[in-house]
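The residues making up each chain are set out below.
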Amino acid sequence: MFERPVTCINTDMQWTPGGTSSDIEDRRDSGGGGGTGFGGGGGMRLGIGGTIVVGLLSLIFGRNLFDAVPGGGNGTSDTAVSQPNPERSAAEKPQVDFISFVLDDAQNTWDRILPEQTNTQYRHARLVLFRDAYPSGCGRASSSIGPFYCPEDQKVYLDLSFLNELRTRFGAPGEFAQAYVIAHELGHHVQKLLGIEPKMRRMQQQNPEARNELSVRLELQADCFSGIWANTTEQRQISDNQDVAAAIGAASAVGDDRLQRAGQGYVNPESFTHGSSADRVAWFKKGLLSGQLSSCQTF
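Rules of the game
- Residues numbered from 1 in each chain as written.
- Predicted model: local features only at pLDDT ≥ 70, side-chain atom pairs only at ≥ 80, totals over all residues.
- Heavy atoms only, no water.
- Helix = DSSP H or I, 4+ residues; strand = E, 2+ residues; numbered from the N terminus.
- Contact = heavy atoms within 4.5 Å.
- Areas by Shrake-Rupley, 256 points an atom, 1.4 Å probe, with all protein chains shown as cover.
- Disulfide = S-S within 2.5 Å.
- Buried < 20%, exposed > 50% of the residue type's maximum accessible area, 1.4 Å probe, protein only.
- Pairing = 2+ DSSP bridges.
- Axes fitted to C-alpha atoms, helices over the stretch in contact; angles between N-to-C directions.
- Expected span 1.5 Å × (residues − 1).
- Bend = angle between axes of the 7 residues up to and from the residue.
- Parallel < 35°, antiparallel > 145°, perpendicular 65-115°, else oblique.
- Left-handed = near helix turned anticlockwise from the far one by under 90°.
- Nonpolar A, V, L, I, M, F, W, Y, C, P; charged D, E, K, R; others polar.
- Salt bridge = Lys/Arg side-chain N within 4 Å of Asp/Glu carboxyl O.
- Core = buried A, V, L, I, M, F, W, Y, C linked by side-chain atoms within 4.5 Å.

### Structural notes on the overall build of the chain
Next up, step 1: Regarding its fold elements, the chain presents 10 helices and 6 strands.
Next up, step 2: Residue pairs in contact within the chain that sit at least 24 positions apart in sequence constitute 74% of those at least 6 positions apart.
Next up, step 3: Of the accessible surface of the chain, which amounts to about 12900 Å², a share of 48% is contributed by carbon and sulfur atoms.

### Quick word on the state of the cysteines
Next up, step 1: Using the criterion set out here, one finds 2 disulfides in the structure.
Next up, step 2: Residue cysteine 224 pairs covalently with cysteine 296 via a disulfide, S to S 2.0 Å. Judged by the sign of its S-S torsion, about -75°, the cystine formed by cysteine 224 and cysteine 296 is left-handed. Separated by 72 residues along the polypeptide, cysteine 224 in helix 7 (residues 211-235) and cysteine 296 in the segment after helix 10 (277-290) bring together distant segments of the chain.
Next up, step 3: Judged by its relative accessible area of 0%, cysteine 224 is buried.
Next up, step 4: Taking only the cysteines that form disulfides and numbering them from first to last, the chain has the pattern 1-2, 3-4.

### Examining the sheet that holds strand 1 (residues 24-27)
Neighbouring strands of a sheet are bound in pairs by backbone hydrogen bonds; such pairs are parallel or else antiparallel.
Next up, step 1: With respect to topology, 4 strands assemble into an open sheet ordered 1-2-6-5, the strand pairing being mixed. The outermost strands of the open sheet, each flanked by one partner alone, are strand 1 and strand 5 (148-150). Averaged over neighbouring strand pairs, the angle between their axes works out to 25° when direction is ignored.
Next up, step 2: As judged from the 4 bridges shared by strand 1 and strand 2 (residues 126-130), these two strands associate in the parallel manner. For aspartate 26, the partnering residue across the bridge sits in strand 2 and is leucine 129.
Next up, step 3: Helix 3 (residues 93-118) rests against strand 1, strand 2 and strand 6 (155-159) of the sheet, and its axis sits at about 165° to strand 2.
Next up, step 4: Across the sheet, helix 5 (residues 175-194) touches strand 2, strand 5 and strand 6, and the angle it forms with strand 5 is around 20°.

### Some remarks on helix 3
Next up, step 1: With 26 residues, helix 3 should reach 38 Å at 1.5 Å per residue; the first-to-last C-alpha distance of 36 Å fits that figure.
Next up, step 2: At tryptophan 110, helix 3 shows its largest bend, some 25°.
Next up, step 3: Looking one or two places after helix 3, you find asparagine 119, whose phi comes out positive at around 60°.

### Quick word on the packing of helix 5 against helix 7
Next up, step 1: Packing of helix 5 against helix 7 brings their axes to within 7 Å, and their N-to-C directions diverge by 120°. With respect to each other, helix 5 and helix 7 are oriented oblique. The two elements helix 5 and helix 7 cross, and the hand of that crossing is right-handed. Residues Phe176, Ala179, Tyr180, Ala183, His184, Gly187, His188, Val190 and Gln191 of helix 5 form the contact with helix 7, whose own contacting residues are Leu218, Glu219, Gln221, Ala222, Asp223, Phe225, Ser226, Trp229, Ala230 and Thr233.
Next up, step 2: Residue classes in the contact of helix 5 with helix 7 are distributed as 10 nonpolar, 7 polar and 2 charged.

### Remarks on the pattern of salt bridges
Next up, step 1: Enumeration over the complete set of coordinates arrives at 14 salt bridges.
Next up, step 2: Among the salt bridges present, the one from arginine 112 reaches glutamate 116, with a minimum N-O distance of 3.7 Å. Of the two residues, arginine 112 and glutamate 116 are both situated in helix 3; the distance of 4 residues between them amounts to about one turn of the helix.
Next up, step 3: We classify arginine 112 as partly exposed; its relative accessible area is 41%.

### Overview of the nonpolar core
Next up, step 1: In terms of nonpolar packing, the biggest core is built from 43 residues, with Ile99, Trp110, Leu127, Leu129, Leu186 and Leu293 touching the most fellow members.
Next up, step 2: For this core, the secondary-structure elements that each account for two or more residues are helix 3, strand 2, strand 6, helix 4 (160-168), helix 5, helix 7 and helix 10.
Next up, step 3: The contacts of leucine 293, once residues within four sequence positions are left out, are Trp110, Ile113, Leu114, Gln117, Thr118, Val190, Leu194, Phe225 and Ile228.
Next up, step 4: In this structure, Val128, Phe130, Tyr134 and Cys138 belong to the second largest nonpolar core, which totals 9 residues.

### Details of the pairing of strand 4 (residues 139-142)
Next up, step 1: Direction of pairing for strand 3 (residues 133-136) relative to strand 4: antiparallel, over a ladder of 4 bridges. Opposite proline 135, over in strand 4, you have arginine 140 as the bridge partner.

### A few points about the environment of glutamate 185
Next up, step 1: Topologically, glutamate 185 is positioned in helix 5.
Next up, step 2: Glutamate 185 gets classed as buried once you look at its relative accessible area, which sits at 2%.
Next up, step 3: Along the backbone, glutamate 185 and tyrosine 149 are 36 residues apart, and their C-alpha atoms lie at a distance of 5.6 Å.

### A few points about unusual backbone geometry
Next up, step 1: Residue asparagine 119 is not a glycine yet carries a positive backbone phi of 60°.
Next up, step 2: Looking at the element boundaries, asparagine 119 is found in the loop between helix 3 and strand 2.
Next up, step 3: For glutamine 154, which is not glycine, the phi dihedral falls at a positive 55°.

If you want it as structure tokens, here you go:
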């Protein structure tokens with residue numbers, strides 16, 4: 001897909017719109033029925049986007065809301081149902097084109113890298129675009145929990161409103177910050193294909209006291225895997241140092257320590273599920289600098 005000349009879009013990443021990816025399932029105008037709340041068969045975890053959203057809400061309401069999300073034991077379900085809105089869908093087309101580019105670029109990269117480095121064939125994940133709420137193999141996908149990967153159906157779920165929030169309210173502007181989120185979730189798909197994700201789930205069942213620590217290790221490795229993709233974009237001059245700096249800023253913004261300090265006024269490392277800001281940035285950089293899965297040994 002890189003035979004074509006690239007153009008500069010919005011003074012961000014160098015990329016060329018190519019329409020909607022064949023790996024995208026567009027459910028934005030579908031009803032949000034089905035699903036049984038959080039924590040379905042796949043044990044849905046709070047995604048990178050949801051961590052940001054819950055952290056912000058904690059800050060606004062002056063209390064820790066992380067206890068009310070998956071993993072905290074208080075599952076909820078969404079009742080919102082999206083309605084068809086052709087005008088809104090048309091206005092979102094540039095954003096969908098960008099997501100399509102990143103999705104295809106990252107997965108085409110893994111098509112090459114995974115067999116080369118692990119002798120494992122890569123199978124494409126699907127990315128589901130939805131509004132408000134939509135059923136997933138791991139329970140109800142909701143705009144309130146942000147982007148996440150469901151290992152049960154091997155799909156990434158994304159409400160476009162999160163990317164707008166990332167840019168306008170959470171201080172992570174730039175297309176590469178958005179690309180980092182998608183690359184991170186695809187990192188979880190790579191973990192699924194390599195058998196790392198199911199092995200980690202078994203370890204959590206065998207040792208419940210280490211559940212949070214193991215979750216952190218899984219998230220940091222997904223950060224490292226996203227850095228591997230970023231390494232290839234620099235080599236192909238799709239991104240530059242400023243773009244990568246935006247991704248590092250996004251990784252730092254969703255560190256558990258930063259969000260806990262904002263939400264509850266203090267940091268409790270034992271309750272970390274995604275890792276500190278410093279750790280997230282450090283592991284992203286490991287993948288970025290090396291381009292090798294062997295450098296991402298967080299377990």
